[in-house]
Amino acid sequence: MATALLLSACKKKHNLFYSEDTGAEFNLYDYYIDNYGNEGIVAYASPNDSNKYFIILSLDETEAQWGPTGMQVFNGSSPDNYTSSRFGLAMLYCMYSMGMERFPAQQWCFSKNLDEAYPRAGSWRLPTLTDWWYINGLTVYPDSNIARLNIHIQNYGGTPLSPESNYWCCEEDYEGYSEFVDLESDFDPENRAVITTPRWTASADKDEWIKKNSHKVRAIKYIFRKFEE
C-alpha cells in the first residue's frame, strides 16, 4: 500500500511487480553474483528473522549526472515517505515512466537488470540516503565499517568505496528532508538531488547537488528471504 501511494505522484502509473529473489540466505560481506553476472557484496543484513532482507552493493561504480534540471520527478508532499525502504523503488518507477535515458545515474544502475521488462522490488537501482545509512552501519562517521567493507570489496576484485567522495542518492532536494545542523537550508527539488559520502556526510554547498553535475554512482538491490504484505 505504501508503495502504491508513493507511485501516485508519478506522471504515469504501472502495476507494481513483487518478483523478489526469495529463499536466499547470506551473511554480512558475503560475495554475490546474479544470473546476469553482476557482482556485489552483502552490505547490510536486516536483524528481523521473520522478514529477512539483504542490501547488495555493486562491486563496480561509475560517474554520471543525476538527470535534467528544471523538473521534479517525485511530486509527493510528505518527507515522512522519503525514509521508507520502498521510496527508492517508487523513484525507480517514476524515472522508468518518464524515460530512463533521461536519468544517467539511475540508468546505469537499471542496466544491470538486462532484459527484465519492468522494475521490481529486486531490481538493481540507485540507493536512497536511508540505504546508505544502512550500508555505513547505522552510525555517523563509520570509518571502521567502511574500511571493513572496502577490504572485502577489494578481496572480491571490486572498486572500493571512496569515503570522502560524493555519491548520488535517488532523492531530490525536498523541503525539510535533508538539513544541516546550525545552517539555514534552502530546497530546490527541480534542480538539485541528494548526495552523500559513504560516511553519511554531505557538502553544505548545494551547488554540488545540481542534477547536471557528475558524481560517483553505486547500484544496490534488495534480496528478500521471505516477503509478507
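Keep in mind that this is a model prediction, so the values were computed, not measured. (Residues numbered from 1 in each chain as written. Predicted model: local features only at pLDDT ≥ 70, side-chain atom pairs only at ≥ 80, totals over all residues. Heavy atoms only, no water.)

## Here we look at the pattern of salt bridges
For the coordinates displayed, the defined rule picks out 11 salt bridges. Notably, a salt bridge pairs Asp-173 with Arg-192, separated by 2.9 Å at the nearest N-O pair. Taken as a pair, Asp-173 in the loop between strand 5 (167–172) and strand 6 (193–196) and Arg-192 in the loop between strand 5 and strand 6 lie far apart in primary sequence, 19 residues in all. Side by side, Asp-173 and Arg-192 carry an identical accessibility label, which is buried. The partner of Asp-173 in a salt bridge is Lys-206, with the nearest N and O atoms 3.0 Å apart. Taken together, the residues Asp-173 in the loop between strand 5 and strand 6 and Lys-206 in the loop between strand 6 and strand 7 (214–217) connect sequence positions 33 residues apart. In terms of burial, Asp-173 and Lys-206 fall into one category: buried. Here the residues in one salt-bridge network are Glu-61, Glu-63, Lys-216 and Arg-218, joined through shared partners. (Salt bridge = Lys/Arg side-chain N within 4 Å of Asp/Glu carboxyl O. Helix = DSSP H or I, 4+ residues; strand = E, 2+ residues; numbered from the N terminus. Buried < 20%, exposed > 50% of the residue type's maximum accessible area, 1.4 Å probe, protein only.)

## A short note on the confidence of the model for the protein
Overall, the predicted model of the protein reaches an average pLDDT of 83, with 76% of residues at or above 70. Low pLDDT, under 50, characterises residues 1–9; the predicted model gives this stretch 22 contacts beyond four residues in sequence or across chains. Throughout residues 11–19 the model reports pLDDT below 50, and contacts reaching past four residues in sequence, or to other chains, amount to 25 contacts. (pLDDT = per-residue confidence, 0-100. Contact = heavy atoms within 4.5 Å.)

## A word on the sheet that holds strand 8 (residues 220–224)
Overall, antiparallel pairing links the four strands, which are arranged 1-2-3-8 in an open sheet. Lying at the two open borders of the sheet, with one neighbouring strand each, are strand 1 (31–33) and strand 8. Strand-to-strand twist of the sheet, defined as the mean angle between neighbouring strand axes without regard to direction, takes the value 40 degrees. By the bridge criterion, five bridges tie strand 2 (residues 39–45) to strand 3 (residues 53–58) in an arrangement that is antiparallel. Residue pairing for strand 3: Ala-45 is matched across the bridge by Phe-54. (Pairing = 2+ DSSP bridges. Axes fitted to C-alpha atoms, helices over the stretch in contact; angles between N-to-C directions.)

## Some details on the side chain of Arg-192
Residue class for Arg-192 comes out buried when judged on its relative accessible area of 8%. Engagement of the side chain of Arg-192 in a polar contact is seen with the side chain of Asp-173, the distance being 2.9 Å. When near neighbours in sequence (up to four residues on either side) are disregarded, Arg-192 contacts Glu-172, Asp-173, Asp-186, Phe-187, Lys-206, Trp-209, Ile-210 and Lys-211. (Polar contact = N/O pair within 3.5 Å; in protein donor to acceptor, adjacent residues only side chain to side chain.)

## Points about unusual backbone geometry
A negative phi angle is the norm for most residues apart from glycine, just as the trans form is the norm for most peptide bonds. We note that Tyr-29 has phi near 75 degrees; this positive angle belongs to a residue other than glycine. Along the polypeptide, Tyr-29 turns up in the loop between helix 1 (2–7) and strand 1. One non-glycine residue, Leu-114, lies in positive phi territory at about 50 degrees. When you line up the elements, Leu-114 lands in the loop between helix 4 (104–110) and helix 5 (129–135).

## Looking at the state of the cysteines
Per the stated rule, a full pass over the model turns up zero disulfides. You can see Cys-109 has no disulfide; the closest cysteine sulfur is in Cys-170, sitting 9.6 Å from it. For Cys-109, a relative accessible area of 0% translates into the label buried. (Disulfide = S-S within 2.5 Å.)

## Considerations on the packing of aromatic side chains
This structure, assessed with the given rule, holds 17 aromatic pairs. Ring geometry for Phe-74 versus Tyr-174: centroids 6.2 Å apart, planes at 75 degrees, classification edge-to-face. Note that Phe-74 is positioned in the loop between strand 4 (62–65) and helix 2 (79–82) and Tyr-174 in the loop between strand 5 and strand 6, a separation of 100 residues in sequence. Here Phe-74 and Tyr-174 have matching classes, each one buried. Ring geometry for Trp-132 and Tyr-167: centres 5.3 Å apart, planes at 55 degrees, overall tilted. Residue Trp-132 is located in helix 5, and its partner Tyr-167 is located in strand 5; the two are separated by 35 residues in the primary sequence. Linked through ring pairs, Tyr-44, Tyr-53, Tyr-134, Tyr-222 and Phe-224 together constitute an aromatic cluster. Positioned over the ring face of Trp-124 is Lys-112, at 5.8 Å from the centre of the ring. When the ring centre of Trp-209 is taken as origin, the NZ or CZ atom of Lys-206, which lies over that ring, is 4.7 Å away. (Phe/Tyr/Trp six-rings, centres within 6.5 Å; stacked < 30°, edge-to-face > 60°. Lys NZ or Arg CZ within 6 Å of the ring centre and 35° of its normal.)

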